[in-house]
Amino acid sequence: MQRFFAILLFLGLLGTPSVAYAATVGPSGNPLPRFISLAADKAYMRTGPGLQYPVAWVYTRDNLPLEVIDEHGAWRQVRDFEGVTGWMHVRLLSSKRTAMVTGGARRLFKDADSGSPIRLTADAGVIGEVLECVPDWCHMEIDGTRAWIDRRYIWGVYAGELID
């Protein structure tokens, strides 16, 4: 019995994978789940994968990060930052990675270090393009300014996800 617990302890100490979610491959050949962004400045989220399903929500903000959680033909089931889920046609979506600042006003820094100079402060809800993510920080571009933010303060990247 002690040997069993020793093995469990050893396995627990091996470390975590670079991505903290278990992705599978969807019918499109892309991983599920994954983050994408809204490509249109007006997009309908439907209750099912087709035009015959009612519109559940209308989005009016391009570049909004969304999480793809399922696929059916040319339709993607997505989840937004508030947890709302529904279906959108692929024409409305982009593989461009964006993220939204969460919680409150957040500082973004020149380097991936809170001791480096502050480049800008972004309010909750501000969206920027994700350029790179290292274990604890993401490099983003917001309104033409590139800066680093602690990944805990954005929605649109997975914990531990590395982006280069």
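A brief look at the structure comes next. (Residues numbered from 1 in each chain as written. Predicted model: local features only at pLDDT ≥ 70, side-chain atom pairs only at ≥ 80, totals over all residues. Heavy atoms only, no water.)

Let us look at the packing of aromatic side chains. Scanning all chains against the criterion turns up four aromatic pairs. Judged by centre distance (4.5 Å) and plane angle (45 degrees), the rings of Phe35 and Tyr158 are tilted. A residue pair is termed long-range when its members are at least 10 positions apart, and Phe35 in strand E3 (residues 34-38) and Tyr158 in the segment after strand E16 (154-155) qualify at 123 residues. With relative accessibility at 6%, the residue Phe35 sits in the buried group. Given a relative accessible area of 10%, Tyr158 falls into the buried group. Ring geometry for Phe109 and Trp137: centres 5.9 Å apart, planes at 85 degrees, overall edge-to-face. Taken together, the residues span a long stretch of sequence, with Phe109 in strand E11 (residues 106-109) and Trp137 in strand E14 (residues 137-142) at a distance of 28 residues. No difference in accessibility class separates Phe109 from Trp137, as the two residues are buried. A connected cluster of aromatic rings, assembled from ring pairs, spans Phe35, Trp155 and Tyr158. (Phe/Tyr/Trp six-rings, centres within 6.5 Å; stacked < 30°, edge-to-face > 60°. Helix = DSSP H or I, 4+ residues; strand = E, 2+ residues; numbered from the N terminus. Buried < 20%, exposed > 50% of the residue type's maximum accessible area, 1.4 Å probe, protein only.)

Any link to function would need more than the numbers given here.
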